[in-house]
Amino acid sequence: MTAKKKPKVYITRKLPDAVETRMRELFDAELNVDDVPRTREQLVEAMRSSDVLVPTVTDRIDEALINEAGPDLRLIASFSNGTDHIDIEAAARKGITVTNTPNVLTEDTADMTMALILAVSRRLPEGARILTDHPGDWAGWSPTWMLGRRIWGKRIGIVGMGRIGTAVARRAKAFGLSIHYHNRKRVHPATEEELEATYWDSLDQMLARVDIVSVNCPSTPATFHLLSARRLALLQPTSLIVNTARGDIIDEAAMIQLLRDGKIAGAGLDVYENEPSVNPRLVKLANEGRVVLLPHMGSATIEGRIDMGDKVIINIRTFFDGHRPPNRVLPGRS
């Protein structure tokens, strides 16, 4: 009996060793051992010669690229929660199925959100730099030195109360924060009761009343610059903004100007509007202790990355076994 041909799988970035090993066992997998981002030309060649493409959020799989796909490419199994880097409609027109890896990064991202809230409020990076960069500047404890702000008793406004937003709310409540949220629709009454959460149909009204804003909604055309210059101006001068979702949800230039003018107290950012480029004005603010900047590491845990890889593998195997993959993304629902 002839052995069943393994699908040819092209993986655009290096994945955890355990995931890559399993990929090689199950598929004819081409790895990216050096983890160098693939060029446009390399992606075109992969689209023409593979059965499956496994991209990440750093790969722009647009309509032009999808139109270069060869007849054998039937699945784009993205190693990502979001799929805003893939033109889902163009893939559907080409007859290519798209999958993602949802619901594995919730707790990791929520942890990082709380870490940023604490880092900004309590000036943690500034304090750490004193001892590592300028140890001679520390003369010992003083009652009025390096004062931050208490978060206990403050109000947090969560923009996007999905799985991650809800996980952030649970952590925030444990830290003594009062939970407020804006979402397309109210969460289940039991969740609202558990969190003692206040729902705001109007994002504008919520922003004007909270001390901390946490951005946890997906990036879609509808959420592009959801926190616009006009909305950011509604914040109190003592307010903080934390974003672990996507950079383009905030009008970054407007936020920078408000921070410079002292109309917002601080920000903690793990994502950027023109990522991987970071606005030099943000870097300057970070050096001044006004913002905390991280290199998109909110989901970066070993456990999370392995869970993502497992989902990619399950989606590929299910698809080539002739079944609908569990994490299929349909047009209009990315």
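Refer to the structure presented above.
Notes on the structure in this doc start here.

So, how was this worked out
Residues numbered from 1 in each chain as written. Predicted model: local features only at pLDDT ≥ 70, side-chain atom pairs only at ≥ 80, totals over all residues. Heavy atoms only, no water. Helix = DSSP H or I, 4+ residues; strand = E, 2+ residues; numbered from the N terminus. Buried < 20%, exposed > 50% of the residue type's maximum accessible area, 1.4 Å probe, protein only. Pairing = 2+ DSSP bridges. Contact = heavy atoms within 4.5 Å. Axes fitted to C-alpha atoms, helices over the stretch in contact; angles between N-to-C directions. Phe/Tyr/Trp six-rings, centres within 6.5 Å; stacked < 30°, edge-to-face > 60°. Expected span 1.5 Å × (residues − 1).

Before going further, it helps to spend a moment on the side chain of Thr318. Residue position: Thr318 is located in helix H13 (residues 302–320). Taking the relative accessible area as the measure of exposure, Thr318 reaches 18% and is therefore buried.

Once that is clear, we can look at the sheet that holds strand E8 (residues 198–199). Taking strand neighbours across the sheet as the criterion, the seven strands line up as E8-E7-E6-E9-E10-E11-E12 in an open arrangement whose pairing is parallel. Each edge of the open sheet is held by one strand with a lone partner, namely E8 and strand E12 (291–293). Two strands pair when backbone bridges link them, and strand E6 (residues 155–159) and strand E7 (residues 178–182) are joined in this way by five bridges, in the parallel orientation. Bridge pairing in E7 places Ile158 opposite Tyr181. Across the sheet, helix H7 (residues 163–174) lies against E6, E7 and strand E9 (212–215), angled at about 170° from E6, the strand it touches most. Sheet strands touched by helix H11 (residues 252–260): strand E10 (240–243), strand E11 (266–269) and E12. Its angle to E11, the strand with the most contacts, is close to 140°.

Applying the stated criterion across every chain yields a total of two aromatic pairs. Centroid distance Tyr181 to Tyr199: 5.1 Å. Interplanar angle 45°. Geometry classified as tilted. One end of the pair, Tyr181, is in strand E7; the other, Tyr199, is in strand E8, and 18 residues separate them in sequence. A centroid spacing of 5.1 Å and a plane angle of 75° characterise the contact between Phe319 and Phe320, whose relative ring orientation is edge-to-face. Classification of Phe320 by relative accessible area gives partly exposed; the value is 22%.

Over its 12 residues, H7 runs 17 Å from end to end, which matches the ideal 16 Å to within 8%, given 1.5 Å per residue. Looking at H7, one finds that the buried residues are Ile164, Gly165, Thr166, Ala167, Val168, Ala169, Arg171 and Ala172. Elements in contact with the buried residues of H7: helix H5 (106–122), E6, E7, helix H8 (189–195) and E9. Two residues or fewer past H7, Gly176 is found with a positive phi of approximately 85°.

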